[in-house]
2 protein chains.
Amino acid sequence: MGKRNLIRDRVRVVLVAPRNPLNIGAAARALSNFGFGQLRLVNAYELAFREARSAVGASDVMKQAEEFATVAEAVADCELVIGTTAARKRQLHHPLRPLAEGGKRLRRGNSRRVALLFGSEKRGLSNEDLSYCHWLIRIPTREEHPSMNLGQAVAVCLYELARENAVRPAAEKTPPAKGAELDRATEMLRDALRLSGYCKRGSEIEDEKLRRLIRRSLTTAEDAQVWQGMLRQILWKMRQ
Amino acid sequence: MGKRNLIRDRVRVVLVAPRNPLNIGAAARALSNFGFGQLRLVNAYELAFREARSAVGASDVMKQAEEFATVAEAVADCELVIGTTAARKRQLHHPLRPLAEGGKRLRRGNSRRVALLFGSEKRGLSNEDLSYCHWLIRIPTREEHPSMNLGQAVAVCLYELARENAVRPAAEKTPPAKGAELDRATEMLRDALRLSGYCKRGSEIEDEKLRRLIRRSLTTAEDAQVWQGMLRQILWKMRQ
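Quick notes on the rules
Residues numbered from 1 in each chain as written. Chains lettered and ligands numbered in written order. Predicted model: local features only at pLDDT ≥ 70, side-chain atom pairs only at ≥ 80, totals over all residues. Heavy atoms only, no water. Helix = DSSP H or I, 4+ residues; strand = E, 2+ residues; numbered from the N terminus. Expected span 1.5 Å × (residues − 1). Buried < 20%, exposed > 50% of the residue type's maximum accessible area, 1.4 Å probe, protein only. Contact = heavy atoms within 4.5 Å. Core = buried A, V, L, I, M, F, W, Y, C linked by side-chain atoms within 4.5 Å. Axes fitted to C-alpha atoms, helices over the stretch in contact; angles between N-to-C directions. Parallel < 35°, antiparallel > 145°, perpendicular 65-115°, else oblique. Left-handed = near helix turned anticlockwise from the far one by under 90°. Buried area = accessible area lost by both parts, 1.4 Å probe. Salt bridge = Lys/Arg side-chain N within 4 Å of Asp/Glu carboxyl O. Polar contact = N/O pair within 3.5 Å; in protein donor to acceptor, adjacent residues only side chain to side chain. Pairing = 2+ DSSP bridges. Phe/Tyr/Trp six-rings, centres within 6.5 Å; stacked < 30°, edge-to-face > 60°.

A. Molecular detail of helix α9 (residues 179-196) of chain B. Under the 1.5 Å per step criterion, the end-to-end length of α9(B) is 26 Å for 18 residues, consistent within 8% with the ideal 26 Å. For α9(B), the full list of buried residues reads B:Glu181, B:Leu182, B:Ala185, B:Thr186, B:Met188, B:Leu189, B:Arg190, B:Ala192, B:Leu193, B:Arg194 and B:Ser196. Where α9(B) is buried, its residues contact α11 (221-239) of chain A together with α10 (204-217) and α11 (221-239) of chain B. Among the residues trailing α9(B), B:Gly197 stands out with phi positive, at a value near 85 degrees.

B. Seen up close, the side chain of B:Glu160. Residue placement: B:Glu160 occurs in helix α8 (residues 150-163). Beyond its immediate stretch of four places on either side in the chain, B:Glu160 contacts A:Tyr159, A:Arg163, B:Leu99, B:Ala100 and B:Arg107.

C. Region of the structure containing the nonpolar core. Judged by nonpolar contacts, the single largest core of 84 residues is most densely connected at A:Leu15, A:Leu39, A:Val154, B:Leu15, B:Leu39 and B:Val154. Leaving out residues up to four positions away in the same chain, B:Val154 has contacts with B:Val13, B:Leu15, B:Ala27, B:Ala30, B:Leu31 and B:Phe118. Formed by 38 residues, the second largest nonpolar core is a distinct cluster that contains A:Met188, A:Ile234, B:Ala177 and B:Leu182.

D. Representation of the packing of helix α10 (residues 204-217) of chain A against α11(B). Across the interface, α10(A) lies against α11(B) with an axial gap of 11 Å and an inter-helix angle of 115 degrees. In this view, α10(A) runs roughly perpendicular relative to α11(B), as classed from their interaxial angle. For the pair α10(A) and α11(B), the sense of crossing is left-handed. Of α11(B), the residues touching α10(A) (which contributes A:Leu210, A:Leu213, A:Ile214, A:Arg216 and A:Ser217) are B:Asp223, B:Val226, B:Trp227 and B:Met230.

E. A look at the interface of chain B and chain A. On the chain A side, the residues contacting the 53 residues of chain B number 55 residues. Taking both partners together, chain B and chain A bury about 4,900 Å²; carbon and sulfur atoms supply 60% of that area. The largest contributions to the chain B side of the interface with chain A come from B:Asn33, B:Tyr159 and B:Trp227, which together make up 14% of the buried area. Where chain B packs against chain A, one counts 4 salt bridges. Taking the shortest distance from any N to any O, the salt bridge between A:Glu160 and B:Arg163 comes out at 2.6 Å. Linking chain B with chain A are 29 residue pairs in polar contact (both at pLDDT 80 or more).

F. Geometry of the sheet that holds strand β2 (residues 38-42) of chain A. All names here are of chain A. Taken together, the 7 strands give an open sheet; going across it, the order is β3-β2-β1-β6-β4-β7-β5, and neighbouring strands pair in parallel fashion. Each edge of the open sheet carries a strand with a single partner, namely β3 (66-68) and β5 (96-98). Along the sheet, successive strands turn relative to each other by an average axial angle of 30 degrees, direction set aside. Where β2 lies against β3, 3 bridges are found, and the strand directions are parallel. For Arg-40, the partnering residue across the bridge sits in β3 and is Glu-66. Packed on one face of the sheet, helix α8 (residues 150-163) meets β1 (11-16), β4 (80-84) and β6 (114-118) and runs near 150 degrees to β6.

G. Fine view of the packing of aromatic side chains. Taken as a whole and assessed by the stated rule, the structure comprises 4 aromatic pairs over all chains. Where A:Tyr159 meets B:Tyr159, the ring centres are 6.3 Å apart and the plane angle is 85 degrees; that geometry is what we call edge-to-face. Of the two residues, A:Tyr159 is situated in helix α8 and B:Tyr159 in helix α8; the pairing between them involves two chains. Here A:Tyr159 and B:Tyr159 have matching classes, each one buried.

Everything listed is a geometric property; what it means functionally is a separate question.
Written out as structure tokens, the structure is:
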């Protein structure tokens, strides 16, 4: 039991820009069914959120759901951020893993806080949302009809995560970096690159690229600290 | 490939006395997502069935769903009938298998037509419905909140049935960085750090630390290229 509880305690389910109160409620119900406690909503349609929260039979999960204005804030305390997608070609930017494989990886990983991101009903996760992700999970749906209902997608993912009693590595020798630290490192690198003329101000594509690069490169909390220290000093020198 | 198609072709999903058109539509959508074609409804609330069928975006599965008056008729052409339940004590009458185990048994079985029964939203399957079943499947939900939403339960069961033969996307081709490239990046980073005063010249321990850091951080050839480009530009600026 102890082992199984771990993955449940570690995962935060993050719904990005959900629009339909029924879907929000269904997602919360799936969390409750499978024993996950932590639901987060980013930029939810306000009315939908209130309706879902006040619905008859709303679970404790729904009542305790947290709201955030941005993805960055919602994942700031998470060491690993996983996006979900129906697309097959996102692997251009991110490793894309089938749910069964990704679930195994999550259960065996040593991240203490994992954010699992689900996009809005209409459009899924945007490229900006995805730029906060370390890698992506795909539920193996049919090519002709890949896009799942939001509540069902959440249920399937949580079922898979809770499916097996995972074997966890003995010791966490290298705690991974948290989102907020990665963001600080990204900012410093971006500032250095702008000062050097490597990239221009206000290019969203550049920002997303840097965010992904930093997430691939700074894998542990310790390394993130070291990189921050180096970049800070380099920046200081460049500004002189 | 053959086997994958088989389980999908062999299973009939049977909703017994469903009441909510949204749930019927969601069940149909899950069938479509996972490539199952055969939806059957027993004693559905007539209005709910019509609404689900005429809903915008109703899948082909929904349009081709068959109606039956009784469970007996709905499973008449099936060799194996499996009930789904949230209860833990039905095994008094039937073998009760966790979904993962039951799914494996279904995939390996040789029944050409399998009926998978789901009960109504409020009451699940009645004892009479269950009396048509050979054995039962239970989705491993939490004891304190076992009962799933109908559409989500169907999605989770079909995901499990289709799970093992899920297609893996083509292998990701991300060749790792070669030693020489890592060394070049290490040199550039070291030069930048010396120029900034972060570390001193000729410290072997610093050199080794940097080499290890670069090897942990620049994991692919592509990323090593990007980091080299960034560092080169930063160095150029620092030397001005």
